[in-house]
There are 2 protein chains.
Amino acid sequence: MNVIFGVDVGGTEIKIGKFIDDKLMVKDVIATDVSNSGNNILSDIFKYLKAHLQKDEKLLGIGIGLPGPVKGNKVLGAQNLGWKVKDVVSEAREYFPQTLIRLSNDANAAALGESYYGAAKGFKNVVMLTMGTGLGGGLIINGHIYEGNNGSSGEVGHICIKKNGRKCSCGLNGCLEQYVSATGIVNTALELRLNKDTLLNKNDLTCKDVFDLAKKGDKIANEVVEEATDDLAIGIASICNTLNPELVVLGGGVSKAGNFLLEKVVSKFEKYAFYSIRNTSFTLATLGNDAGIYGCFHLIKEYFDEN
Amino acid sequence: MNVIFGVDVGGTEIKIGKFIDDKLMVKDVIATDVSNSGNNILSDIFKYLKAHLQKDEKLLGIGIGLPGPVKGNKVLGAQNLGWKVKDVVSEAREYFPQTLIRLSNDANAAALGESYYGAAKGFKNVVMLTMGTGLGGGLIINGHIYEGNNGSSGEVGHICIKKNGRKCSCGLNGCLEQYVSATGIVNTALELRLNKDTLLNKNDLTCKDVFDLAKKGDKIANEVVEEATDDLAIGIASICNTLNPELVVLGGGVSKAGNFLLEKVVSKFEKYAFYSIRNTSFTLATLGNDAGIYGCFHLIKEYFDEN
């Protein structure tokens, strides 16, 4: 039996998918050990993989998604892991001297997963936005991940939508992420609820609360959603006016607001998109947290399909 | 002798380059006949090409740049020519039944020309901005033109940089083009010069005047330039945060302001670019009005190089 591992490395956990004869058969999660500048992370992964490979299985390759810019065999830095530049493939050689190992940025891996096994199946030019604590972007061009010159394509969370706007953790001002990530939407709610009669006035407000209350008709919650979806539409229009993709996929926790979110974004997009890209398709992601491991699996599969 | 024609079709004139054994040997210009819904344009071109081919010359192909979205053998509309969807290659068959004919959007053709024969020689991932009456963009990805899903990649002139900003001819508001094209810069000057003691108070003010007066130290002209380059930097940062190109090329009439423009844009770009793309290279275009015919030539040349 042929085995491919898809490994999606995050700042708190590492998702591992074992694909046997191209089918996802086992899913598992291990904790990310960020102690010691994250120097145990790779050995933890490779030891796990070695222990979970049976004698009668043939390992075709390991695809790894990482939370930082990736170029070829290297990640150029991953703050959440405590890493600076790291040659991941060289470090893997101690455990897997011959195995094909391919890397990708995690947002790009998720986009690739959705493109071949999820919401964007059949589409070759895709932009995926992952709206969680932050806002990540993945680009699929001609059916492949587009890394960009130094692995930093799809940093669309840092498109400036408001000159002198909110300060971003990246040091810039007015980044899209500050307005349309879960964190950004909650911040908008905290601003708009001040001195207002609204159900948003509760402790530990979450982005899910905002959308739930908006769906229930709360006026201020709806104002928050209108503002966030308008800002998101401006950002997506900037991306589409540049790239003219076939399809935009909305994923991540915020996208769980579903069609309520999607419909507002699509209608506002038309206000900001150049006429010839106004027919861009939109959809919600379908693979959820598995998008990354599917994309990492595909990094290996596409190699064998093409070589 | 092998001949390739590069034909750059504009709204007022058509530039034609005759490349003999890969060298540009003859340049010519014919007028664009926009009467009769532009229906004479293609026959004018093909008759000209037939008349300018000698008996001992072998025609390898014709590359054509067009002012509208191009997908494969068709232009999907070209307002300046009076065209709706037009199957250019089919229409060419009457004159050139067998010849290889390839099309491109004009901004993409200019980007391709600069990438192989001009300022971006040796670069494979390039964004070129053509700043003239309007603002066009061309994208080179992995050494090839990236058309986008329906030929509308690189419509970066219509990135919204100011919500509810100036009305654009495309119907949207706040488009980048309205602030950093020659027209946009003159409009900013007309706004800022009001009731001010400035040399900008002259009739028939041009974009060149603005830059010339700024270089001479006129205070208000410098304010105009600061504002325009800041807006341009925001737009370029949006593009680069999405695409992470190696190189940004500034071309078109506005770019004749030279290093005075370039240096301001680069320093302001750093204010708006995500840290990992801050090292993007910038340069001025070098092929001027010939970029398009070089790019159209290359459309044919790359085909023979690869097949």
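Residues numbered from 1 in each chain as written. Chains lettered and ligands numbered in written order. Predicted model: local features only at pLDDT ≥ 70, side-chain atom pairs only at ≥ 80, totals over all residues. Heavy atoms only, no water.

Participant: Could you give an account of the interface of chain A and chain B, naming the residues involved and the relevant values?
Facilitator: Residue-level contacts link 41 residues of chain A with 41 residues of chain B. Summed over both partners, the interface of chain A with chain B buries about 3,400 Å², with 54% contributed by carbon and sulfur atoms. When the area that chain A buries against chain B is broken down by residue, the three leading residues are Tyr146, Thr242 and Phe274 of chain A, summing to 18%. Remark: the boundary between chain A and chain B carries four salt bridges. Taken together, the links from chain A to chain B amount to 26 residue pairs in polar contact (both at pLDDT 80 or more). At the level of secondary structure, the elements contributing two or more residues to the side of chain A that touches chain B comprise strand 10 (135–141), helix 7 (219–243) and helix 8 (259–272) of chain A. Looking at which element gives the most residues to the side of chain A that touches chain B, the answer is helix 7 of chain A, with eight residues. (Contact = heavy atoms within 4.5 Å. Buried area = accessible area lost by both parts, 1.4 Å probe. Salt bridge = Lys/Arg side-chain N within 4 Å of Asp/Glu carboxyl O. Polar contact = N/O pair within 3.5 Å; in protein donor to acceptor, adjacent residues only side chain to side chain. Helix = DSSP H or I, 4+ residues; strand = E, 2+ residues; numbered from the N terminus.)

Participant: Break down the relation of the copies chain A and chain B for me, with residues and values.
Facilitator: Screw-axis analysis of chain A against chain B gives a translation of 0.0 Å along the axis, an RMSD of 0.0 Å, and a rotation angle of 180 degrees. Both copies of the chain, as the preceding transformation shows, are related through a two-fold rotation axis. A high fraction, 100%, of the interface residues of chain A reappear at the interface in chain B, so the copies pair face to face through one surface. (Least-squares fit on C-alpha atoms with pLDDT ≥ 70 in both.)

Participant: Could you give an account of the pattern of salt bridges, naming the residues involved and the relevant values?
Facilitator: Residue and element names in this part refer to chain A. For the coordinates displayed, the defined rule picks out 35 salt bridges over all chains. A salt bridge links Asp231 to Lys162; the nearest nitrogen and oxygen atoms lie 3.3 Å apart. Taken as a pair, Asp231 in helix 7 and Lys162 in the loop between strand 11 (144–145) and helix 4 (177–180) lie far apart in primary sequence, 69 residues in all. The exposure class assigned to Asp231 is buried, which follows from its relative accessible area of 2%. (Buried < 20%, exposed > 50% of the residue type's maximum accessible area, 1.4 Å probe, protein only.)

Participant: Report on the packing of aromatic side chains, specifying residues and quantitative values.
Facilitator: Evaluated as defined, the whole model comprises 22 aromatic pairs over all chains. Between Tyr117 of chain A and Phe297 of chain A, the aromatic rings sit 5.6 Å apart at their centres with planes inclined by 50 degrees, giving tilted as the arrangement. Linking Tyr117 of chain A in helix 3 (residues 106–117) with Phe297 of chain A in helix 9 (residues 291–306), this pair joins segments that are 180 residues apart in sequence. Overall, the relative accessible area of 1% leaves Phe297 of chain A in the buried class. Centroid distance Tyr303 of chain A to Phe304 of chain A: 5.6 Å. Interplanar angle 85 degrees. Geometry classified as edge-to-face. In textbook terms, an aromatic cluster arises when at least three aromatic residues are bridged by ring pairs, as seen for Phe19, Tyr116, Tyr117, Tyr294 and Phe297 of chain A. Between Lys264 of chain B and the ring centre of Phe260 of chain B, over which it is positioned, the NZ or CZ distance is 4.9 Å. (Phe/Tyr/Trp six-rings, centres within 6.5 Å; stacked < 30°, edge-to-face > 60°. Lys NZ or Arg CZ within 6 Å of the ring centre and 35° of its normal.)

Participant: An account of the sheet that holds strand 1 (residues 2–9) of chain B is requested, with residue identities and associated values reported.
Facilitator: Residue and element names in this part refer to chain B. Strand order in the open sheet formed by five strands is 3-2-1-4-8, and the pairing between neighbours is mixed. At either margin of the open sheet sits one strand with a lone partner, and together these are strand 3 (23–31) and strand 8 (100–105). The average undirected angle you get between the axes of adjacent strands in this sheet is 20 degrees. Relative to strand 3, strand 2 (residues 13–20) runs antiparallel, the two being bridged by eight bridges. Bridging across to strand 3, Lys18 finds its partner in Val26. (Pairing = 2+ DSSP bridges. Axes fitted to C-alpha atoms, helices over the stretch in contact; angles between N-to-C directions.)

Participant: Give me the environment of Phe260 of chain B: which residues, what numbers.
Facilitator: Residue and element names in this part refer to chain B. Considering the arrangement of structural elements, one finds Phe260 in helix 8 (residues 259–272). Taking C-alpha positions, Phe260 is 35 Å from Leu103, a pair spaced 157 residues apart along the chain. Every residue in contact with Phe260, bar those within four places of it in the chain, is listed here: Phe211, Ala214, Lys215, Asn222 and Val225.

Participant: Requested: an account of the environment of Thr12 of chain B, with residues and values cited.
Facilitator: Residues and elements named next belong to chain B. Checked against the element boundaries, Thr12 lands in the loop between strand 1 and strand 2. Taking the relative accessible area as the measure of exposure, Thr12 reaches 65% and is therefore exposed. Between the C-alpha atoms of Thr12 and Leu81, which are 69 residues apart in sequence, the distance is 8.7 Å.

Participant: Pulling in residues and values, what's your account of unusual backbone geometry?
Facilitator: Backbone geometry at Asp22 of chain A places phi at a positive 70 degrees, although glycine is not the residue there. Checked against the element boundaries, Asp22 of chain A lands in the loop between strand 2 (13–20) and strand 3 (23–31). Of the residues examined, Asp22 of chain A reaches a relative accessible area of 41% and is grouped as partly exposed. Unusually for a residue other than glycine, Asn142 of chain B sits at a positive phi of about 50 degrees.

Participant: So what's going on with the nonpolar core? Residues and values would help.
Facilitator: In terms of nonpolar packing, the biggest core is built from 113 residues, with Leu129, Ile236 and Leu250 of chain A together with Leu129, Ile236 and Leu250 of chain B touching the most fellow members. Setting aside chain neighbours within four positions, we find Leu250 of chain A in contact with Leu129, Met131, Ile236, Ser255, Leu261, Leu262, Val265, Thr283, Leu284 and Ala285 of chain A. (Core = buried A, V, L, I, M, F, W, Y, C linked by side-chain atoms within 4.5 Å.)

Participant: Give a description of the pairing of strand 12 (residues 247–251) of chain A that names residues and reports values.
Facilitator: Successive side chains on a regular strand alternate, one facing one side of the sheet and the next facing the other. All names here are of chain A. By the criterion of burial, strand 12 is predominantly enclosed, with five of the five residues buried. In strand 12, alternate side chains face the same way, and those of Leu247, Val249 and Gly251 on one face and Val248 and Leu250 on the other are all buried. Note that strand 9 (residues 126–131) and strand 12 share five bridges and pair parallel. Bridging from a neighbouring strand, Met128 pairs with Val249 of strand 12. In the sheet, strand 12 pairs with strand 13 (residues 281–284) via four bridges, with the strands oriented parallel. Pairing of Val249 across the sheet is with Thr283, part of strand 13. Taken together, strand 12, helix 8 and strand 13 form a β-α-β motif whose crossover is right-handed. (Right-handed = clockwise from strand over helix to strand, strands pointing away.)

Participant: Outline helix 7 of chain A, listing residues and values.
Facilitator: All names here are of chain A. In this model, helix 7 (25 residues) spans 36 Å end to end at C-alpha, consistent with the 36 Å of a helix rising 1.5 Å per residue. Counting buried positions over the 25 residues of helix 7 gives 20, a clear majority of the element. Looking one or two residues beyond helix 7, the residue adopting positive phi is Asn244, at roughly 50 degrees. (Expected span 1.5 Å × (residues − 1).)

Participant: So, the side chain of Ser43 of chain A: which residues are in play, and what are the values?
Facilitator: Residues and elements named next belong to chain A. For Ser43, the location among the structural elements is in helix 1 (residues 41–51). Assessed through its relative accessible area of 17%, Ser43 is described here as buried. A distance of 3.0 Å separates a polar side-chain atom of Ser43 from the backbone oxygen of Asn40.

Just geometry here; none of it tells us what the structure is for.
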